[in-house]
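Structural characterization, general
One letter stands for each residue in the lines below.
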Amino acid sequence: MHCIRKVSDNLYWVGASDRRLALFENIYPIPQGVSYNAYVLLDEKTVLLDTVDKAVSEQFFENLQAALAGRELDYVIVNHMEPDHCATLQEVVCRYPNVQIVCNQKIATMIRQFFSFETEGRIKLVKEGDTLQTGSHTFTFVMAPMVHWPEVMVTYEITEKILFSADAFGTFGALNGPLFADQVDFDRDFLPEARRYYTNIVGKYGPQVQALLKKAAGLEIEMICPLHGYIWRSGMDELIEKYDRWSRYMPEEEGVLIVYASIYGHTENAANILAAKLSEQGIQRIAMYDASVTHPSYILAEAFRYSHIVLASATYNAGIFTPMETLLLDLKAHNLQNRTVAIIENGSWAPTAGKLMAEHVAGMKNMTLLEQKISLRSSVKQEQLEQLENLAVILAASLRKPELRPQAVGEVQDNAMYKFSYGLFVLSAREEDFDNGCIINTAIQITDVPKRIAFAVNKGNRTHDMVLKTGEFNLSMLSTSAPFKLFQHFGFQSGRDTDKFTEFKHKQRSKNGLCYLDKYTNAFLSGKVIGSIDYGTHTLFVADVTEAKVLSEEESVTYAYYFQHIKPSPKVEKQVKGFVCKICGYVYEGDALPEGYLCPLCKHDASYFEPIQV
Ligand code: FEO
């Protein structure tokens, strides 16, 4: 039975998933399977975009037949000739004898190499920028050589602004129900496989991916339909940013990848000691793999992710222990660059692995090899323990250098940072479909490169929990025009029982999809949390700025200004014995404030209360 999916009004997904295949391209383990995506557009003409691997051909042809619903197939656009997408092309031609194949010259050549059917009169050749009109839709073609093979092109549909991106923006993993990336927790469940897919399949071709990204930047894209994995109809900026970083061979994160190849466990022991010492140095992002156990494709993906790599290997047959040698060949073949590398070698009589690993690293571009090579004779002794401690200190110091750019997803304007004051801010967050915000008064810039800030939030606020969970937030910098009712709206009621944003008029959404205030503010910034510290009543968040924009030239409201000019003097209507909150005017009746008391309105603690003068 067919299993087709509607993508838009006239566009259908007609692909299939394979969960039986052990090795994609007969080399990459795919424990979560893989999908082969193909699409059918029903217009005045009918168009199939790519086909599938032969393993899922039966499902594909049932899908194709169902989508066409008795109509003829007029065109098949072939974007990529690798057999996982074109193995069934000949059968398409047999089943739909009038179909025209739309492709470029290199694809046409490969069609004749792979197949034996007669192509005379069947192929419609296209070049960069050519168009194909199918009724209310127009396709145009963008050449993307070496993303992943030399013949690759991508196809852009102008009316619906859909990019059929071939292998680009694909991911390993079968489609288990959801079709769109926004229907799953992509970062949590699929980003590692998207990274492994990209780095292993296309990682070698960074400059060519950069060329495609530049061309794609000139297109207005509403949807990306790749040949593997989920369709993107929102939130693709972050994946595009990852592609930009991966294809420039820039690490995603400051952190240490430790890979060891150990025969009897002594080299592994050194790696474990180093990992522990790094942790004691406060390094949080440490990944560790046994090269004999973990497939190189996973370790390669982690090497693209982290800024620092430690290679620890035993000597074997006067060379590098082969699992490590295989990995090094793989890293080089995939063009890994711009990393800081440290080496640990072991050898019971003639350790040579270190020198040979260093030669491999020297053959890669822009690699910084640390001088502190550690050489073991059979096992770790006191001397090496000290050297490992020293290496951990050196790695930690190197990591703390502000080498990485922020994960910018929008323009970061320097002068937006000048709006910081000891002032008042609306901190906003979004979880699932719920927007929320609260007032905070503690936010500072801590570094300029990268743009990094810190802010503290009272744990009583729901926004606190949302930022902690999602790691994303916006900070709207309030200006002196902000009326008291704005502070009441965001500060004196709780997002646990109030929807503060749905009816709130003065809001916009930034690139991260979160709300910010476009009135009563002079700037906003968006950020991604990179660390947090629990300080009892509050959490201190540290975050990279991902977007920042000046909104007005009004003065930032300082805490002092708020007290002098905005907050009405607390009025106590009746003469009662008790305490009044200096922030919001809440009155607590009683002889003494209970221990650990928090204002139920604005969540400030007892120190913000003053006795009512009767
Ligand atoms: Fe999914 Fe390059 O093929």
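Residues numbered from 1 in each chain as written. Predicted model: local features only at pLDDT ≥ 70, side-chain atom pairs only at ≥ 80, totals over all residues. Heavy atoms only, no water.

**Some details on the overall build of the protein chain**
As a reminder, the rule being used: By the criteria applied, helices consist of DSSP H or I runs no shorter than four residues and strands consist of E runs no shorter than two, each listed in order from the N terminus. Throughout, a contact is declared for two residues whenever any of their heavy atoms are within 4.5 Å. The accessible surface values rely on the Shrake-Rupley method and a 1.4 Å probe; as for residues, cover is taken only from the protein chains in view.
A tally of regular secondary structure across the protein chain gives 17 helices and 35 strands. Over its C-alpha atoms, taken along the principal directions, the protein chain stretches across nearly 100 × 75 × 40 Å. Counting contacts in the protein chain only where the partners sit at least 6 residues apart, residues at least 24 apart contribute 71% of the total. A total accessible area of about 26,500 Å² is found for the protein chain, and carbon and sulfur atoms account for 50% of it.

**Some remarks on the sheet that holds strand S33 (residues 578–581)**
Operational definition: A pair of strands counts as paired when DSSP detects no fewer than two bridges linking them. Fitted lines through C-alpha atoms serve as axes, helices being fitted only where they are in contact, and the angles separating the N-to-C directions of these axes extend from 0 to 180 degrees.
Here three strands make up an open sheet; going across it, the order is S34-S33-S35 and the pairing antiparallel. Looking at strand neighbours, the two that pair on one side only are strand S34 (587–589) and strand S35 (609–611), the edges of this open sheet. The sheet shows a mean angle of 25 degrees between the axes of neighbouring strands, taken without regard to direction. Strand direction decides the pairing type here: S33 and S35, joined by three bridges, are antiparallel. Bridge pairing in S35 places Phe579 opposite Pro611.

**What about the packing of helix H10 (residues 296–305) against helix H11 (residues 322–333)?**
When two helices pack together, their arrangement is given by the angle between the helix axes and by the axis-to-axis distance. We count it as follows: Roughly parallel covers angles under 35 degrees, roughly antiparallel covers those over 145, roughly perpendicular covers 65 to 115, and oblique covers all other angles. A crossing counts as left-handed when the near helix is turned anticlockwise from the far one by less than a right angle, and as right-handed when that turn is clockwise. When residues are sorted by character, Ala, Val, Leu, Ile, Met, Phe, Trp, Tyr, Cys and Pro go into the nonpolar class, Asp, Glu, Lys and Arg into the charged class, and all the rest, Gly among them, into the polar class.
Between H10 and H11, whose axes approach to 10 Å, the crossing angle comes to 50 degrees. If you check the angle between H10 and H11, you find them oblique. Crossing geometry of H10 relative to H11 is assigned as right-handed. Along its contact with H10, which presents Pro296, Ile299, Leu300 and Ala303, the element H11 presents Thr326, Leu327, Asp330 and Leu331. Looking at the contact of H10 with H11, its residues break down into six nonpolar, one polar and one charged.

**Observations concerning helix H4 (residues 105–114)**
Note the following rule: To sort residues, take the accessible area from a 1.4 Å probe on protein chains only and compare it with the maximum for the residue type: under 20% means buried, over 50% means exposed, and anything in between is partly exposed. Throughout, the arc means the angular range of directions from the helix axis out to the C-beta atoms. Whenever two N or O atoms come within 3.5 Å, that pair is a polar contact, provided that in protein one can donate a hydrogen and the other can accept it, and provided that, for residues adjacent in sequence, both atoms are side-chain atoms.
What H4 keeps buried is the set Ile107, Ala108, Met110 and Ile111. Seen along its axis, H4 keeps its buried residues to an arc of 165 degrees; they face one direction. Where H4 is buried, its residues contact helix H3 (89–95), strand S10 (100–103), strand S11 (123–125) and strand S14 (153–157). Measuring from the backbone nitrogen of Lys106 back to the side-chain oxygen at the start of H4 gives 3.1 Å, which picks out Asn104 as the cap.

**Observations regarding a nonpolar patch on the surface**
Definition in use: Patch definition: residues with relative accessible area over 30% and no salt bridge; like charges joined within 9 Å; nonpolar side chains (Val, Leu, Ile, Met, Phe, Trp, Tyr) joined within 5 Å. A side-chain nitrogen of Lys or Arg and a carboxyl oxygen of Asp or Glu constitute a salt bridge if their distance falls within 4 Å.
Residues Ile263, Tyr264 and Tyr316 make up a contiguous nonpolar surface patch of about 360 Å² in total accessible area. Structurally, the position occupied by Ile263 is in the loop between strand S17 (253–261) and helix H9 (266–280). Exposure remark for Ile263: the relative accessible area of 35% places this residue in the partly exposed category.

**Some thoughts on the pattern of salt bridges**
On inspection of all chains with the given rule, the structure shows 27 salt bridges. For the salt bridge of Asp185 with Arg188, the shortest nitrogen-to-oxygen distance reads 3.8 Å. Take Asp185: its relative accessible area is 35%, and that puts it in the partly exposed class. Relative accessible area serves as the criterion here: at 60%, Arg188 is assigned to the exposed category. Notably, a salt bridge pairs Arg196 with Glu193, separated by 2.8 Å at the nearest N-O pair. Here the residue Arg196 and the residue Glu193 both occupy positions in helix H6 (residues 191–202), the gap between them amounting to three residues, near one helical turn. Neither residue differs from the other here; Arg196 and Glu193 are each classed as buried. Each of the salt bridges in this network shares a partner with another, and the network as a whole consists of Glu253, Arg285, Glu302 and Arg305.

**Comments concerning the side chain of Ser526**
Positionally, Ser526 belongs in strand S31 (residues 521–535). Only 2.8 Å separates the side chain of Ser526 from the side chain of Asn474, close enough to count as a polar contact. For Ser526, the side chain forms a polar contact with the side chain of Ser510, separated by 3.3 Å. Dropping the residues within four chain positions of it, Ser526 is found in contact with Phe473, Asn474, Ser510, Asn512, Asp544, Val545, Thr546 and Glu547.

**Describing the confidence of the model for the protein chain**
The test is simple: For every residue, the predictor assigns a confidence score, pLDDT, that lies between 0 and 100.
With 97% of its residues at a pLDDT of 70 or more, the protein chain shows a mean pLDDT of 93. Across residues 401–408, confidence stays below pLDDT 50; counting only partners more than four residues off in sequence or on other chains, it has 26 contacts.

**Structural notes on the sheet that holds strand S9 (residues 75–77)**
An order of S1-S2-S7-S8-S9-S10-S11 is seen for the seven strands of this open sheet, with the pairing classed as mixed. At either end of the open sheet lies a strand with only one pairing partner, and these are strand S1 (5–8) and S11. Between one strand axis and the next, the sheet turns by 25 degrees as a mean value, whatever way the strands run. Strands strand S2 (11–13), strand S7 (39–42) and strand S8 (46–49) of the sheet are contacted by helix H1 (residues 57–68), whose axis makes an angle of about 10 degrees with S7.

**Looking at the nonpolar core**
Applicable threshold: The nonpolar core is taken to be a set of buried Ala, Val, Leu, Ile, Met, Phe, Trp, Tyr and Cys residues, with the residues joined through side-chain atoms within 4.5 Å.
In terms of nonpolar packing, the biggest core is built from 94 residues, with Val7, Leu48, Ile101, Ile111 and Phe186 touching the most fellow members. Looking at this core, the element that brings in the most residues is H6, giving six residues. Beyond its immediate stretch of four places on either side in the chain, Ile101 contacts Val76, Val78, Leu89, Val93, Ile111, Phe117, Arg122, Ile123 and Lys124. Grouped together as the second largest cluster of nonpolar side chains are 30 residues, Ala261, Ala303, Leu327 and Met364 included.

**Topic: the environment of Leu598**
Looking at where Leu598 falls in the secondary structure, it is placed in the loop between S34 and S35. Separated by 138 residues in sequence, Leu598 and Gly460 place their C-alpha atoms 9.0 Å apart. Each residue touching Leu598, except ones within four places of it in the same chain, is listed here: Asn458, Lys603, His604 and Asp605.

**Overview of the packing of aromatic side chains**
Pairs of aromatic rings are described using the distance from one ring centre to the other and the angle between the two planes. Filter applied, for reference: The criterion for an aromatic pair is that two Phe, Tyr or Trp rings (for Trp, the six-membered ring) have centres within 6.5 Å, with stacked assigned to planes under 30 degrees apart, edge-to-face to planes over 60 apart and tilted to the rest. We count a charge as sitting over a ring when the NZ of a lysine or the CZ of an arginine lies within 6 Å of the ring centre and within 35 degrees of the ring normal.
Taken as a whole and assessed by the stated rule, the structure comprises 31 aromatic pairs. Ring centres of Phe190 and Tyr230 lie 4.9 Å apart, and the angle between their planes is 75 degrees; this geometry places the pair in the edge-to-face category. One end of the pair, Phe190, is in the loop between helix H5 (186–189) and H6; the other, Tyr230, is in the loop between strand S16 (223–225) and helix H8 (236–247), with 40 residues separating them in the sequence. The exposure classification of Phe190 matches that of Tyr230, with both residues buried. Among the aromatic residues, those joined into a ring-pair cluster are Phe24, Tyr28, Phe172 and Tyr197. Above the plane of the ring of Phe61 lies Arg95, whose end atom (NZ or CZ) is 4.1 Å from the centre. Over the ring of Tyr298 we find Arg196; its NZ or CZ atom is 3.9 Å from the centre of that ring.

**Some details on helix H15 (residues 462–470)**
Taken together, the buried positions of H15 are occupied by Thr463, His464, Met466 and Val467. The buried residues of H15 occupy one face: seen down the axis, they fall within an arc of 165 degrees. Looking at the buried positions of H15, the neighbouring elements they touch are strand S24 (425–431), strand S25 (434–440), strand S27 (452–458), strand S28 (472–478), S31 and strand S32 (538–550). Just downstream of H15 lies Gly471, where phi reads positive at about 75 degrees.

**A word on unusual backbone geometry**
With an omega dihedral of 0 degrees, the bond running from Val449 to Pro450 counts as a cis peptide bond. Tracing the backbone through its elements, the reader meets Pro450 in the loop between strand S26 (443–447) and S27. Look at Ala69: it is not a glycine, yet its phi comes out positive at around 50 degrees. Judged by its relative accessible area of 64%, Ala69 is exposed. The backbone phi angle of Lys161 is positive, close to 60 degrees, even though this residue is not glycine. Here Lys161 shows up in the loop between S14 and strand S15 (162–164). By relative accessible area, Lys161 is classed as partly exposed at 23%.

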